[in-house]
Amino acid sequence: MFSDVSRSDLPLGMTDVERSVLQEQLIDMILYVLHAHPELHYYQGFHDVAVTLLLTVGLRLGTAMLQTLSTHHLRDFMDPTMERTRSVLSYLMPLIQSECPALHDFLLRSEVGCIFALSWLITWYGHVLSDFHQVLRLYDFFLASHPLMPVYCAAQMVLMREREVLQCDCDMASVHQLLSRIPSNFPYETLISRTHSFFQRRPPSQLERQTSLQRLKR
């Protein structure tokens, strides 16, 4: 079950003993949550959230936070199937369409789908960002926000790269490669500010109606 939990998930600069202790604590956190909530299922990437909490607030508080997130913000990802995860991902394209129909149409023509954003959502970007401070900034934002805020953030991130996307070849491989690689100098404070405004303009109730209508059309 924990084949994706490895010593490489822990920071560099630690001694072997420190890394071994942290790895054991990480597994203890995950097992505690799963034992306390048998209805929850481990998913690949769950450990990225756990290790971020462990390194930031320690074992005791990190375990309590992980348990709360597992039953609330991350609950849709912890079913035995990916049906609810796919449902969360399905909000991405309607959000992009609401702000930029031309970009939305380009993405549809490329047939890139939404899979490029999967690891963003299920790890709260912890797996794809190399700067730990950027990860923590997003975690602060998501912890204080609606559970769907990471989806709004993903849509805003794509919208902020509109020019890059529209200039690349309109095929799945090219667009997927571009979007799955987040620039190291991406302006995260601007991203957070715009995502917050985006959420206020397009609240989840409005998003749900739009998404349901698209499902009916399909």
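Rules and cut-offs
Residues numbered from 1 in each chain as written. Predicted model: local features only at pLDDT ≥ 70, side-chain atom pairs only at ≥ 80, totals over all residues. Heavy atoms only, no water. Buried < 20%, exposed > 50% of the residue type's maximum accessible area, 1.4 Å probe, protein only. Helix = DSSP H or I, 4+ residues; strand = E, 2+ residues; numbered from the N terminus. Expected span 1.5 Å × (residues − 1). Arc of directions from axis to C-beta. Contact = heavy atoms within 4.5 Å. pLDDT = per-residue confidence, 0-100. Salt bridge = Lys/Arg side-chain N within 4 Å of Asp/Glu carboxyl O. Phe/Tyr/Trp six-rings, centres within 6.5 Å; stacked < 30°, edge-to-face > 60°. Axes fitted to C-alpha atoms, helices over the stretch in contact; angles between N-to-C directions. Parallel < 35°, antiparallel > 145°, perpendicular 65-115°, else oblique. Nonpolar A, V, L, I, M, F, W, Y, C, P; charged D, E, K, R; others polar. Core = buried A, V, L, I, M, F, W, Y, C linked by side-chain atoms within 4.5 Å. Left-handed = near helix turned anticlockwise from the far one by under 90°.

*Asks:* Sorry, what's going on with helix H9 (residues 149-159) here?
*Replies:* An α-helical segment advances 3.6 residues per turn. Residues three or four places apart therefore align on the same side. The buried fraction of H9 amounts to 11 of the 11 residues, a majority that puts the element mostly inside the structure. All buried positions along H9 are accounted for by Met149, Pro150, Val151, Tyr152, Cys153, Ala154, Ala155, Gln156, Met157, Val158 and Leu159.

*Asks:* Which parts of the structure should I look at to understand helix H3 (residues 59-71)?
*Replies:* If you check H3, its first and last C-alpha atoms are 18 Å apart, about what 13 residues at 1.5 Å a residue would give, namely 18 Å. Listing the buried residues of H3 in full gives Gly62, Thr63, Leu66, Leu69 and Ser70. Taken around the axis of H3, the buried residues stretch over an arc of 130°, which confines them to a single face. Buried-residue contacts for H3 involve helix H1 (16-36), helix H2 (46-57) and helix H8 (132-143).

*Asks:* Help me understand the confidence of the model for the chain, please; the structure alone is not making it clear to me.
*Replies:* Close inspection of predicted coordinates is inappropriate for parts of the model with low pLDDT. Summing up the model confidence of the chain, the mean pLDDT is 91 and the portion of residues at 70 or higher is 90%. For the chain, helix H13 (residues 204-217) is the element with the lowest average pLDDT, namely 71, and H9 is the one with the highest, namely 98.

*Asks:* So what exactly am I meant to see when it comes to the pattern of salt bridges here?
*Replies:* Where charged atoms of side chains with opposite charge meet at close range, the side chains can pair. For the structure shown, the criterion picks out seven salt bridges. Across the salt bridge formed by Arg84 and Asp76, the nearest N and O atoms sit 2.7 Å from each other. Given the relative accessible area of 35%, Arg84 is considered partly exposed. Judged by its relative accessible area of 26%, Asp76 is partly exposed. In this structure, Arg201 engages Glu99 in a salt bridge whose closest nitrogen and oxygen atoms are separated by 2.7 Å.

*Asks:* Explain the side chain of His37 to me, please; I cannot follow it from the model alone.
*Replies:* When you line up the elements, His37 lands in the loop between H1 and H2. Residue classification places His37 among the buried positions, given a relative accessible area of 16%. In this structure His37 touches Gln67 and Thr71, once residues within four positions along its chain are discounted.

*Asks:* So what exactly am I meant to see when it comes to the environment of Arg181 here?
*Replies:* The topology assignment puts Arg181 in the loop between helix H11 (172-180) and helix H12 (188-201). Residue Arg181 is classed as exposed on the basis of its relative accessible area, which comes to 57%. Measuring from C-alpha to C-alpha, the distance between Arg181 and Val128 comes to 8.1 Å, with 53 residues separating the pair along the chain.

*Asks:* What is the right way to look at the packing of aromatic side chains in this model?
*Replies:* What characterises a pair of aromatic rings is the spacing of the ring centres plus the angle enclosed by the ring planes. Applying the stated rule across the entire model yields 12 aromatic pairs. On the numbers, 6.0 Å between centres and 70° between planes, the contact of Tyr43 with Phe77 is edge-to-face. You can see Tyr43 sitting in the loop between H1 and H2 and its partner Phe77 sitting in the loop between H3 and helix H4 (83-89), a full 34 residues away along the chain. For Tyr43, a relative accessible area of 9% translates into the label buried. Note on Phe77: relative accessible area 8%, which makes it buried. Between Trp124 and Phe142, the aromatic rings sit 5.3 Å apart at their centres with planes inclined by 65°, giving edge-to-face as the arrangement. With a gap of 18 residues between them, Trp124 in the loop between helix H7 (118-122) and H8 and Phe142 in helix H8 connect regions that are remote in the sequence.

*Asks:* How should I be thinking about the packing of H2 against H8 in this particular structure?
*Replies:* Any two packed helices are characterised by how steeply their axes cross, that is the angle between the axes, and by the distance between the axes. Between H2 and H8, whose axes approach to 11 Å, the crossing angle comes to 100°. Judged on the interaxial angle alone, H8 and H2 are roughly perpendicular. Contacts between H2 and H8 involve Asp48, Val49, Thr52, Leu53, Leu55 and Thr56 from the former and Phe132, Val135, Leu136 and Tyr139 from the latter. Of the residues assigned to the contact of H2 with H8, the class counts are seven nonpolar, two polar and one charged.

*Asks:* Even after reading the chapter, I still don't get the nonpolar core, so can you show me in this structure?
*Replies:* Proteins that are soluble and globular tend to have nonpolar side chains buried together. Judged by nonpolar contacts, the single largest core of 70 residues is most densely connected at Phe46, Ile96, Leu107, Trp120 and Tyr125. Sort the elements by how many residues they give to this core and H9 lands first, with nine residues.

*Asks:* Explain the packing of H9 against H12 to me, please; I cannot follow it from the model alone.
*Replies:* Axis separation between H9 and H12 bottoms out at 9 Å; the angle between their running directions is 115°. Like other packed secondary-structure pairs, H9 and H12 cross with a definite hand, here right-handed. Here Met149, Tyr152, Cys153, Ala155, Gln156, Met157 and Leu159 of H9 lie close against H12, whose contacting residues are Tyr188, Leu191, Arg194, Thr195, Phe198 and Phe199. When the residues that make up the contact of H9 with H12 are grouped by side-chain class, the tally is 10 nonpolar, two polar and one charged.

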